[in-house]
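# Descriptive structure summary
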Amino acid sequence: MAKPKDNPNYKVIAENRRARYDYAIEDDIECGIVLTGSEVKSLRTVSANIAESYAAVEQGELWLVNGYIAPYERAMFGHEERRRRKLLVSRKELARLWNETQRKGMTLVPLVLYFNHKGIAKLKIGIAKGKKTQDKRATEAKRDWARQKQRLLRHGE
């Protein structure tokens, strides 16, 4: 996610930090998201949560299920907070995602919801495989060792 910091339009709305702990993410895809006006206004105030959500390929379309976008108070026509939202990807990517989930048993996990440099809402989805408990422990042990190494290097100087 190395984007230029000086761009006023680029803004992270919601991040699923738990996904990198619970899943081994093999690949990620940026996709558009179909939103109503009140949902976009609500996202501009940074009020969303994608931690409990997932993406699914159903009937030839990609959907974000259980993603939360807070209601916008000043909207004339509101929106459902946890409605299914359509995700926009190319046909080629959709076929690949279907293949990964149906044949290989992978999971589509939302990683980051953000506004890109043009000010358009985007969702980054990870193609992931669930981690077992021992895998989680191993990842945590590696992270702790790296942290200790950095501390030792800093204090050794």
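Shown above is the structure to which this text applies.
The text that follows walks through the structure, step by step, so that each part is easy to find. (Residues numbered from 1 in each chain as written. Predicted model: local features only at pLDDT ≥ 70, side-chain atom pairs only at ≥ 80, totals over all residues. Heavy atoms only, no water.)

All right, on to helix α2 (residues 37–44) then. Of the residues making up α2, those classed as buried are Ser 38, Glu 39, Ser 42 and Leu 43. Considered in projection along α2, the buried side chains sweep an arc of 140° and stay on one side of the axis. Those residues of α2 hidden inside the fold are in contact with β1 (11–15), β3 (48–49), β6 (68–69), β7 (85–88) and β8 (107–115). In the stretch just after α2, Val 46 is the one whose phi turns positive, near 55°. (Buried < 20%, exposed > 50% of the residue type's maximum accessible area, 1.4 Å probe, protein only. Helix = DSSP H or I, 4+ residues; strand = E, 2+ residues; numbered from the N terminus. Arc of directions from axis to C-beta. Contact = heavy atoms within 4.5 Å.)

Below, the discussion takes up the side chain of Ser 53. Within the secondary structure, Ser 53 sits in the loop between β3 and β4 (54–58). Residue classification places Ser 53 among the buried positions, given a relative accessible area of 7%. From its side chain, Ser 53 meets the backbone oxygen of Ile 50 in a polar contact 2.8 Å long. Once you skip the residues sitting within four places of it in the chain, Ser 53 turns out to touch Leu 64, Val 65, Asn 66, Gly 67 and Pro 110. (Polar contact = N/O pair within 3.5 Å; in protein donor to acceptor, adjacent residues only side chain to side chain.)

Residues other than glycine seldom take positive phi values, yet Val 46 does so here, at roughly 55°. Notably, Asn 66 is not glycine yet its phi reads approximately 70°, a positive angle. If you trace the backbone, Asn 66 turns up in the loop between β5 (61–65) and β6. Using a relative accessible area of 28% as the deciding quantity, one classes Asn 66 as partly exposed.

Grouped together as the largest cluster of nonpolar side chains are 25 residues, with contacts concentrated most on Leu 43, Leu 62, Leu 87, Leu 108, Leu 113, Leu 123 and Ile 125. When residues of this core are traced back to their parent elements, those giving at least two are β1, β2 (23–33), β4, β5, α3 (91–102), β8 and β9 (121–130). Setting aside anything within four residues of it in sequence, one finds Leu 123 in contact with Ile 29, Glu 30, Cys 31, Ile 50, Leu 64, Leu 87, Pro 110, Val 112 and Leu 113. Formed by 7 residues, the second largest nonpolar core is a distinct cluster that contains Val 109, Leu 111, Val 112 and Ala 128. (Core = buried A, V, L, I, M, F, W, Y, C linked by side-chain atoms within 4.5 Å.)

Next up on the list: the side chain of Glu 100. With respect to the helices and strands, the residue Glu 100 is situated in helix α3. For Glu 100, a relative accessible area of 12% corresponds to the buried category. Filtering out sequence-adjacent residues up to four positions away, Glu 100 remains in contact with Gly 105, Met 106 and Ile 127.

As a further point, take the environment of Arg 103. Its location among the elements puts Arg 103 in the loop between α3 and β8. Residue class for Arg 103 comes out exposed when judged on its relative accessible area of 65%. Separated by 55 residues in sequence, Arg 103 and Ala 48 have C-alpha atoms that sit 32 Å apart.

Here we take up the pattern of salt bridges. Counted according to the given criterion, the structure contains 10 salt bridges. A salt bridge links Arg 83 to Glu 39; the nearest nitrogen and oxygen atoms lie 2.9 Å apart. Within this pair, whereas Arg 83 is found in the loop between β6 and β7, its partner Glu 39 is found in helix α2, the two being separated by 44 residues in sequence. Exposure remark for Glu 39: the relative accessible area of 0% places this residue in the buried category. The partner of Asp 144 in a salt bridge is Arg 147, and the shortest N-O contact between them spans 3.5 Å. Residue Asp 144 and its partner Arg 147 are both found in helix α4 (residues 133–156); the two are separated by 3 residues, about one turn of the helix. (Salt bridge = Lys/Arg side-chain N within 4 Å of Asp/Glu carboxyl O.)

Take it as geometry only, folks, not as evidence of what the structure does.
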